[in-house]
Each structure stands twice: as structure tokens, then as C-alpha cells.
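# A structural walkthrough
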There are 2 protein chains.
Amino acid sequence: MNKKKVSLKDIAEKAQVSTALVSYVLNGKEKESRVGHEIAVKIKQIAKELNYQPNYLAKSLRSGKTQTIGLIIADISNPFFANIARIVEDEAKKNGYTVIIGSSDEKAEKSWDLITVFLNRQVDGFIIVSSENSEEQIEYLIEKNVAFVLLDRHFPDIPTHFVSLNSYKAAFDAGVHLIQSGYKNIGLIAYKSQLFHMQERIRGYRESLVENGISFHPAWLKEVGFDTIDEEIKVGIDEMLASAFPVDALIFATYRLAITGLKYINALGLKVPDDLAIVSFGQAEVFDLYYCPITYVLQPMEELGKTAVEILIHQLKEPHAEKRQILMEAQLMARDSSRPKAVIS
Amino acid sequence: MNKKKVSLKDIAEKAQVSTALVSYVLNGKEKESRVGHEIAVKIKQIAKELNYQPNYLAKSLRSGKTQTIGLIIADISNPFFANIARIVEDEAKKNGYTVIIGSSDEKAEKSWDLITVFLNRQVDGFIIVSSENSEEQIEYLIEKNVAFVLLDRHFPDIPTHFVSLNSYKAAFDAGVHLIQSGYKNIGLIAYKSQLFHMQERIRGYRESLVENGISFHPAWLKEVGFDTIDEEIKVGIDEMLASAFPVDALIFATYRLAITGLKYINALGLKVPDDLAIVSFGQAEVFDLYYCPITYVLQPMEELGKTAVEILIHQLKEPHAEKRQILMEAQLMARDSSRPKAVIS
DNA sequence: AATGTATGTTTAATCGATTAAACAAAAAAC
DNA sequence: GTTTTTTGTTTAATCGATTAAACATACATT
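Scope of this entry: the structure provided in the associated data block. (Residues numbered from 1 in each chain as written. Chains lettered and ligands numbered in written order. Predicted model: local features only at pLDDT ≥ 70, side-chain atom pairs only at ≥ 80, totals over all residues. Heavy atoms only, no water.)

## Brief notes about empty space enclosed by the protein
If a probe as big as a water molecule is rolled over the atoms, it shows which places are left empty. On inspection of all chains with the given rule, the structure shows six cavities of 30 Å³ or more. Volume-wise, the largest cavity comes out at about 260 Å³. Those elements that place two or more of their residues in the lining of the largest cavity are α4 (56–63) and β2 (98–103) of chain A together with α4 (56–63) and β2 (98–103) of chain B. A breakdown of the residues in the lining of the largest cavity according to their chemical character gives seven nonpolar, eight polar and two charged. Estimated volume of the second largest cavity: approximately 40 Å³. (1 Å grid on protein atoms, 1.4 Å probe; cavity = no way out; pocket = protein on both sides within 12 Å on 5 of 7 lines; lining within 4 Å. Points joined across faces, edges and corners; volume = space filled by probe spheres on them. Helix = DSSP H or I, 4+ residues; strand = E, 2+ residues; numbered from the N terminus. Nonpolar A, V, L, I, M, F, W, Y, C, P; charged D, E, K, R; others polar.)

Structure (C-alpha cells):
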């Protein structure tokens with residue numbers, strides 16, 4: 001990046017005027033600042049000639065605004081978050097913002113790190129997919145008066161803006177759907193996490209059983225650690241199948257759990273849905289291409305992402321507006337993996 | 001972001017010294033600048049007390065370095081690029097760089113846009129997955145002396161740093177593999193693009209036929225437009241199957257083509273590999289989970305991404321070092337979708 | 001005592017833009 | 001023909017950090 005960049009000063013010199021005039025003209029303030037018409041034309045022309053591009057660092061330093069949003073997600077290589085990221089990117093761009101993305105790997109520590117780095121880079125605000133135990137980070141942002149919106153997950157005890165899914169309802173619907181399709185022993189594989197959305201998925205699942213007169217068996221619920229899902233899912237599925245009440249249907253609480261679980265189910269040679277029906281959260285091409293298309297919980301990704309950006313940008317304009325807390329509804333997309341159970345006659 | 005941020009000046013005032021001293025101390029230059037030991041300790045302590053965080057805008061404006069890399073890819077929601085992005089993000093972070101990602105959707109125009117925006121934001125350099133007809137952008141960057149590396153694709157006629165795949169070899173291997181597995185009528189679905197890597201894939205495919213004494217039939221090669229792949233792939237596959245020499249195996253030149261193609265193949269009720277064998281570029285969980293695991297061309301993603309970052313950072317230190325041009329080899333992962341053809345006896 | 005050398009610290013310019021305020025000249029008002 | 005107003009332009013401070021150069025002292029040397 002050698003060739004001397006063109007600055008306001010260069011234009012000013014060439015036009016024989018002060019930088020102030022150039023700044024006024026190029027910011028469309030000729031009227032308010034009553035710049036002479038001839039000189040304005042001249043300045044514009046020179047700017048074009050030299051292909052002037054303003055230095056946003058300088059602009060930002062002066063204005064205190066960077067027109068940059070920090071997006072913190074769990075992992076950009078996870079299709080769910082990649083999709084969200086794309087939507088956020090596009091929506092932000094439409095509004096003149098640039099997005100910096102960071103992956104936290106569900107680790108509070110990494111997320112802290114990202115917040116610090118992004119703050120040092122003076123992002124105007126954050127869109128955050130929170131990790132477990134990151135409440136203090138949120139409190140910190142609140143205390144420092146930093147604009148942010150929580151996405152996909154939120155902390156019910158902390159008053160913040162957020163956009164997430166009605167996880168309880170979604171899980172409940174998933175359970176009811178399986179029950180109505182004739183499945184009786186329904187398992188759930190979730191993450192071992194105190195995050196609200198995860199707890200809600202578990203609660204929704206259990207409630208769906210209860211409400212339909214099915215008594216829940218502890219062996220049906222497996223909570224696996226983020227970092228050990230490969231092994232734990234195997235053990236979990238083994239135990240579910242070998243339990244006193246072997247499961248005939250399985251709900252996966254996230255995309256990654258589903259992928260990992262399905263691989264193992266394939267390896268076991270189990271047939272979906274005859275041996276095991278499946279419903280999963282998340283969505284991706286895999287679900288379509290699986291030999292038996294997977295029933296999934298359709299999340300309104302586009303709306304989630306767009307709304308998050310919208311709320312954040314609105315917040316940047318009106319810092320003290322009331323907190324917007326949005327729970328969106330998911331839609332169950334019934335496919336072959338949960339088709340009505342074949343009854344043995 | 002209200003609460004007044006702590007600046008060097010605040011520390012200076014509290015410590016009753018000039019900002020210069022503070023700057024020296026906090027940058028570990030106490031020795032060179034012979035700052036008094038006591039005062040240094042005091043400054044450090046106050047900085048910690050106030051939780052001082054330097055303003056990178058100011059730093060960058062002064063130094064001309066932002067420690068930021070612009071990453072331009074086709075689409076972050078495509079798993080291939082999302083994976084690359086993650087690797088780049090991690091590697092950059094290790095080196096103290098932050099990454100700004102932009103999706104070009106394979107459009108030269110959008111890519112121009114991103115380059116301009118990122119340059120205005122003073123990124124130190126770029127990692128670019130080029131779109132078709134974006135040569136002038138590359139020339140522009142060269143002319144302006146901007147540091148950059150091309151990733152995954154390159155222009156053979158323009159001398160630049162690049163890291164990409166030996167596409168010719170990979171496609172050739174794919175073809176040979178199918179032939180050796182007993183398939184005779186092998187089709188290729190590629191993008192309609194003059195991009196070198198795509199042309200090389202086509203060339204490699206054709207060469208594999210020629211070298212094995214199979215004469216190529218035009219109906220076997222379908223080049224579909226980026227924006228019309230859904231329809232064109234359907235037509236393409238239909239035509240290949242209905243041609244005078246119906247294909248019994250198909251190579252997909254990218255991940256997205258494969259996904260789209262497989263959906264249609266499923267819809268047609270074709271059995272892989274008995275009705276149609278498959279080999280695909282790209283990689284993703286889908287390939288594992290498909291009822292018949294898909295043979296694919298394994299690209300050394302990790303190395304691609306890391307090397308790109310490494311070359312860029314090295315270039316930032318030594319702008320005039322020789323151009324590094326790296327072609328990495330892919331590895332064919334043979335799976336069931338291309339298992340030896342069952343011979344009709 | 002006069003001079004030289006360390007040792008500590010401050011001053012002020014700089015990066016590239018923005019913008020309130022000061023200034024100058026021309027036009028309008030009385 | 002002054003005074004006032006309008007119009008057009010420049011000056012200079014500012015954002016927050018960095019750093020060469022200037023400036024003070026203290027200490028050492030002869």
C-alpha cells in the first residue's frame with residue numbers, strides 16, 4: 001500500500017483552498033456552509049480526478065462512530081451460524097455498516113476476548129450469540145453503555161434487547177408431532193448447558209410427553225458436553241436404545257448434535273424412521289439429502305438476522321429506547337424421518 | 001457507549017505526567033526511553049486501575065497499520081468458504097490480526113465494492129477468492145501496491161501471490177478413478193466460467209478420458225450459470241441421461257453443484273452408484289451422511305487457509321519479496337458412490 | 001570550576017478528517 | 001457614506017495515540 005494515498009489536503013492544495021472547504025463540499029454541506037458554486041464544482045472535479053477515497057479511520061476517530069458491527073457467534077463454520085452471518089452481513093451493508101465476525105467456540109473466555117478486541121477497534125455495537133456463563137460480559141456491556149442485541153439466545157434475568165426462538169414451543173411441537181405419529185418412547189439429545197434456550201428445549205420436550213400422558217424416563221434425556229459430543233452421543237444413543245424403555249424416536253436439540261448423531265445411527269445400521277424416527281433443530285442441506293429426509297424445526301433465520309440488525313441500528317440512534325425482546329416462532333417441517341409409525345399387526 | 005472511555009490523557013493526568021511517558025511505558029519502551037522506574041510502576045498501576053484500553057483507531061491512524069485483513073469470498077453461507085473463513089480467522093488472530101469478511105456472490109461488481117469499502121477502512125491487506133472478470137481489480141491492487149493473496153483461484157497471466165488447488169490433477173484423478181472402477185460414460189457438471197480453476201477441472205476431466213481411450217461426447221459436459229444452477233442442472237442431467245451415450249457416472253466440479261445435482265438425482269429416484277456413480281469436489285458433512293457416502297476430492301483446507309494468511313503477513317513485512325505461487329494437491333477420498341461397477345453377467 | 005554525559009521528562013508535530021469560530025470582502029440597508 | 005448583513009473562505013482545535021526533538025537536571029570527568 002505504498003503509492004501515497006490521496007487525502008483531503010491533496011485536493012485542497014490542488015484546488016488552492018483550505019481543507020475545510022473540501023470537506024464541506026465532499027460531504028454535501030455546500031449549502032449550509034455557503035461554499036462558492038464555482039469552487040465547489042472545481043473541488044468535486046478534482047476529487048473525482050484523483051479518485052479520492054476518504055480515510056475512515058480518521059473519520060471515525062473524529063466522529064466516534066465506526067459504522068462497524070461486531071458479530072460474535074459460536075462458530076462460523078457451522079452452517080447455522082454461517083447463514084446467520086450472511087444475513088447479518090447483507091443487512092448491515094444495506095445500512096452502511098461493516099461486520100466483523102468472531103467465533104467463540106461456545107467458550108465464555110474466547111467471547112470475552114472478542115468483545116475486548118472489538119471494543120478496542122471501536123465497533124459501534126454488537127450482535128451476540130452468547131456462550132454459557134457469559135452473563136458478566138453482558139453486564140459489563142450494559143454498564144459501559146455499549147449497544148448490543150442478543151441473538152438466538154438470551155438471559156431471562158438480564159434485561160437486554162434480544163431476538164431468539166421460542167425454544168420451548170418448538171421443542172414441545174416436535175414432541176407432540178412424534179407422539180401423534182405414533183411414537184411412544186421419545187428421546188432428546190441436548191447440550192449439557194444452562195443456557196436458557198437449551199433448558200427451554202428440554203422443558204418443551206418433557207412437557208410434550210407429560211401433556212400426552214407419557215411418563216418420562218431419565219434414560220431418554222442425554223445432555224452432552226460441547227467438547228465431547230462425539231463420544232458422548234455414541235454412549236448416549238447406546239444407552240437410550242438399551243434402556244428398559246428403548247427409544248423409537250429421537251429429537252436433536254441442534255444441528256451439530258443431529259449431524260453427529262446421524263453419523264452414528266448410520267454406523268449402527270439403524271433405519272430411519274422404522275428403527276428410529278428423527279426430528280432435529282437447525283436446518284441444512286443435509287436434511288434434504290439424507291436418504292430419508294429429516295423432519296426439522298424451521299427457524300426464521302432471515303427474520304432473526306434482519307431483526308437483530310434492525311434493533312441494533314435503531315438502538316444506535318436511540319440509545320435509551322425500550323428494550324425490544326422478541327421470541328420468534330419456529331415451524332415444524334414434517335418429512336419422512338417422522339412419518340407415522342408402521343404398526344405391527 | 002456513553003461512559004467516557006479512558007484515554008492516555010486520563011492516565012497522564014492522574015499520574016501527573018505527560019502522555020508521552022504513559023505511551024512509552026504502556027508500550028514497553030521504558031528502557032529505550034529511560035523512564036523513571038517509580039513513575040513507570042505508577043503508570044502501569046493506574047492503567048490497570050482504570051482498565052485502560054487503547055483506541056486502535058488512533059493507533060492505526062498514526063501508524064498506518066490497522067492489523068486488519070479483508071477476506072473476500074464468494075459466499076460465507078457456503079460451507080466450503082465458511083470453513084476457509086474459520087481457518088483464516090483463527091490463523092489471523094494468532095498473529096494479532098482481525099478479519100473482515102465480505103461475500104461477493106461470484107459477482108465482480110460486488111467484489112469491487114468490497115475492495116473499495118475495505119480499502120477505505122484501511123485494511124492492511126486482502127485474501128481474495130476471485131470472481132470471474134475481476135482481473136482489473138487485481139491489476140488495480142497491484143498498481144496501488146496493496147498487499148494481497150489470491151485463494152482457491154488465480155489468474156495464470158497475472159503475477160500474484162496465490163494459494164490454490166491443482167484442479168487439473170484433481171479432476172484428472174477423479175476421472176481416472178471412475179474409469180478404473182469400470183465406468184465408461186462419465187459426465188462433468190461445472191460452472192459456466194472462464195475462471196482458471198474451473199477450466200482446469202474441465203481440462204483434467206477430458207484428459208482423463210482421452211488418456212484412457214474413451215472418446216468424449218459433448219453431451220457429457222454441462223456448464224451451468226451461477227445464477228441458474230437449479231434449472232440448468234436439471235436440464236443438464238436429463239440431457240446427459242437421454243443422450244446417445246447415457247452417462248453412468250457424474251463428476252461435480254463444486255460443492256454447490258453436487259448438492260443441487262444430488263437433490264435432483266434423488267428426485268428422479270436414481271440409485272447411487274448403480275444407476276449413477278458420483279464424485280464431487282468440495283467436502284461437507286452431507287457427503288458422509290448421504291445414504292451412499294459420496295466420493296470426493298479432499299482439499300487441504302487447513303493448509304490452504306493457513307498458507308494464505310502466512311503469505312499475506314509475510315508480504316506485509318517484506319513487500320517486495322518474490323511472489324509465492326502455491327498449487328496444493330487434492331486427495332481423492334474413494335467412498336461407496338464410486339465403488340466398482342457391478343457387471344451384468 | 002568548567003565541561004561532558006547520563007538520566008528523566010515535556011513539548012509539539014503528526015496521522016486525516018470535521019467543524020465551530022474568526023475573518024474578510026462584497027452587497028444591502030438606512 | 002456609514003453601518004449592517006450576507007456571502008465566501010480560512011484558522012485552528014479536536015479525536016487518541018506515537019515519537020523525534022527539546023529541555024532540564026543530576027552526576028561524572030578532567
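## A closer look at the sheet that holds strand β7 (residues 221–224) of chain B
All names here are of chain B. Spatial strand order, β7-β6-β8-β9-β10-β12: six strands in an open sheet with mixed pairing. Looking at strand neighbours, the two that pair on one side only are β7 and β12 (331–333), the edges of this open sheet. Geometrically, the sheet is characterised by an average inter-axis angle of 20° between neighbouring strands, direction not taken into account. Here two bridges tie strand β9 (residues 277–280) to strand β10 (residues 295–298), and the two strands are oriented parallel to one another. Residue pairing across strands places Ser-280 opposite Tyr-296, the latter belonging to β10. (Pairing = 2+ DSSP bridges. Axes fitted to C-alpha atoms, helices over the stretch in contact; angles between N-to-C directions.)

## Some details on the side chain of Thr-295 of chain B
Residue and element names in this part refer to chain B. Looking at the secondary structure, you find Thr-295 in strand β10. Thr-295 gets classed as buried once you look at its relative accessible area, which sits at 0%. Engagement of the side chain of Thr-295 in a polar contact is seen with the backbone nitrogen of Arg-335, the distance being 2.8 Å. Sequence-distant contacts of Thr-295, defined by excluding residues within four places in its chain, comprise His-177, Ile-278, Val-279, Ser-280, Leu-332, Met-333, Ala-334, Arg-335, Ser-337 and Ser-338. (Buried < 20%, exposed > 50% of the residue type's maximum accessible area, 1.4 Å probe, protein only. Polar contact = N/O pair within 3.5 Å; in protein donor to acceptor, adjacent residues only side chain to side chain. Contact = heavy atoms within 4.5 Å.)

## Focus on the relation of the copies chain A and chain B
Structural alignment of chain A on chain B gives an RMSD of 0.0 Å, achieved by rotating through 180° and translating 0.0 Å along the axis. Taken together, the rotation and translation describe the operation of a two-fold axis. Both copies share a contact surface, since 100% of the interface residues of chain A are interface residues in chain B too. (Least-squares fit on C-alpha atoms with pLDDT ≥ 70 in both.)

## Here we look at the environment of Ile-259 of chain B
By the element assignment, Ile-259 of chain B lies in helix α11 (residues 255–268). Ile-259 of chain B sits in the buried class, given a relative accessible area of 1%.

## Some details on the sheet that holds strand β6 (residues 186–191) of chain A
Residues and elements named next belong to chain A. Pairing within the open sheet is mixed, and its six strands lie in the order β7-β6-β8-β9-β10-β12. For this open sheet the edge positions go to β7 (221–224) and β12 (331–333), each flanked by a neighbour on one side alone. Each strand of the sheet is rotated relative to its neighbour by a mean of 20°, with strand direction disregarded. Bridge count for strand β8 (residues 249–252) against strand β9 (residues 277–280) is four bridges, and the pairing is parallel. Considered in β9, the bridge of Ala-249 is made with Ala-277. In the packing of helix α10 (residues 229–242) onto the sheet, contacts are made with β6, β7 and β8, and the angle to β7 comes to roughly 170°. Across the sheet, helix α11 (residues 255–268) is in contact with β6, β7, β8 and β9; its angle to β8 comes to roughly 145°.

## Considering the interface of chain A and chain B
Opposite the 65 residues of chain A that make contact, chain B presents 65 residues. In total, chain A and chain B occlude about 5400 Å² of area from one another, counting both sides; carbon and sulfur atoms represent 53% of this. On the surface where chain A and chain B come into contact, there are ten salt bridges. Taken together, the links from chain A to chain B amount to 22 residue pairs in polar contact (both at pLDDT 80 or more). Residue assignment for the side of chain A that touches chain B shows that the elements contributing at least two residues are α4, α5 (79–94), β2, α6 (108–120), α7 (135–143), α11 and α12 (285–289) of chain A. Counting residues per element, the side of chain A that touches chain B draws most heavily on α6 of chain A, at eight residues. In terms of residue class, the side of chain A that touches chain B is built from 28 nonpolar, 20 polar and 17 charged. (Buried area = accessible area lost by both parts, 1.4 Å probe. Salt bridge = Lys/Arg side-chain N within 4 Å of Asp/Glu carboxyl O.)

## What about the protein's contact with DNA strand C?
Lining the immediate environment of DNA strand C, one finds 24 residues, of which Leu-8, Ser-23, Lys-29, Tyr-52 and Arg-62 of chain A sit closest. A breakdown of the atoms of DNA strand C within 4 Å of the protein gives sugar and phosphate a share of 52%. At 3.0 Å, a backbone N or O of Ser-18 of chain B approaches a phosphate oxygen of DNA strand C. Note that a base nitrogen of DNA strand C is positioned 3.1 Å from one of the side-chain N or O atoms of Arg-34 of chain B. Elements with a minimum of two residues in the surface near DNA strand C: α2 (19–26) and α4 of chain A together with α2 (19–26) and α4 of chain B. A breakdown of the residues in the surface near DNA strand C according to their chemical character gives eleven nonpolar, eight polar and five charged. (Near = heavy atom within 4 Å.)

## Looking at a negative patch on the surface
All names here are of chain A. Taken together, the side chains of Glu-135, Glu-136, Glu-139, Glu-143 and Asp-157 make up a negatively charged region of the molecular surface. With respect to the helices and strands, Glu-139 occurs in helix α7. Residue classification places Glu-139 among the partly exposed positions, given a relative accessible area of 42%. (Patch = residues over 30% accessible without salt bridge, like charges linked within 9 Å, V, L, I, M, F, W, Y side chains within 5 Å. Areas by Shrake-Rupley, 256 points an atom, 1.4 Å probe, with all protein chains shown as cover. Lys, Arg positive; Asp, Glu negative; His and termini not counted. Charge placed at Lys NZ, Arg CZ, Asp CG, Glu CD.)

## Notes on helix α1 (residues 8–15) of chain B
Residues and elements named next belong to chain B. Those residues of α1 not exposed but buried are Ile-11, Ala-12 and Ala-15. End-on view of α1: buried residues confined to an arc of 100°, all on one side of the axis. In α1, the exposed positions angled more than 90 degrees off the buried face are occupied by Lys-9 and Glu-13. Residues of α1 that are buried make contact with α2 and α3 (37–49). (Arc of directions from axis to C-beta.)

## With respect to the pattern of salt bridges
Applying the stated rule across the entire model yields 46 salt bridges over all chains. For the salt bridge of Asp-90 of chain A with Arg-86 of chain A, the shortest nitrogen-to-oxygen distance reads 3.2 Å. Of this pair, Asp-90 of chain A and Arg-86 of chain A both sit in helix α5, separated by four residues, roughly a single helical turn. Residue Asp-90 of chain A is classed as partly exposed on the basis of its relative accessible area, which comes to 31%. You can call Arg-86 of chain A buried: its relative accessible area is 9%. Two residues, Glu-200 of chain B and Arg-203 of chain B, come together in a salt bridge whose shortest N-O distance is 2.8 Å. Of the two residues, Glu-200 of chain B and Arg-203 of chain B are both situated in helix α9 (residues 196–211); the distance of three residues between them amounts to about one turn of the helix. Among the charged side chains, a salt-bridge network with shared partners connects Asp-75, Asp-105 and Lys-110 of chain A together with Arg-86 and Asp-90 of chain B.

## Things to note about the pairing of strand β10 (residues 295–298) of chain A
Looking along a regular strand, one sees the side chains alternate between the two faces of the sheet. The pairing of β10 of chain A with β12 of chain A spans three bridges and is classified as antiparallel. Looking across to β12 of chain A, one finds that Tyr-296 of chain A is bridged to Met-333 of chain A.

## Details of the pairing of strand β1 (residues 68–73) of chain B
Residue and element names in this part refer to chain B. In terms of burial, β1 is largely enclosed, as six of its six residues are buried. A two-sided burial pattern is seen for β1, the buried positions comprising Thr-68, Gly-70 and Ile-72 on one face and Ile-69, Leu-71 and Ile-73 on the other. Note: β1 against β2, six bridges, orientation parallel. In the strand pairing of β2, Ile-72 is matched with Gly-102. The handedness of the β1 to β2 crossover, carried by helix α5 (residues 79–94), is right-handed. Relative to strand β3 (residues 125–128), β1 is paired through four bridges, and the arrangement is parallel. (Right-handed = clockwise from strand over helix to strand, strands pointing away.)

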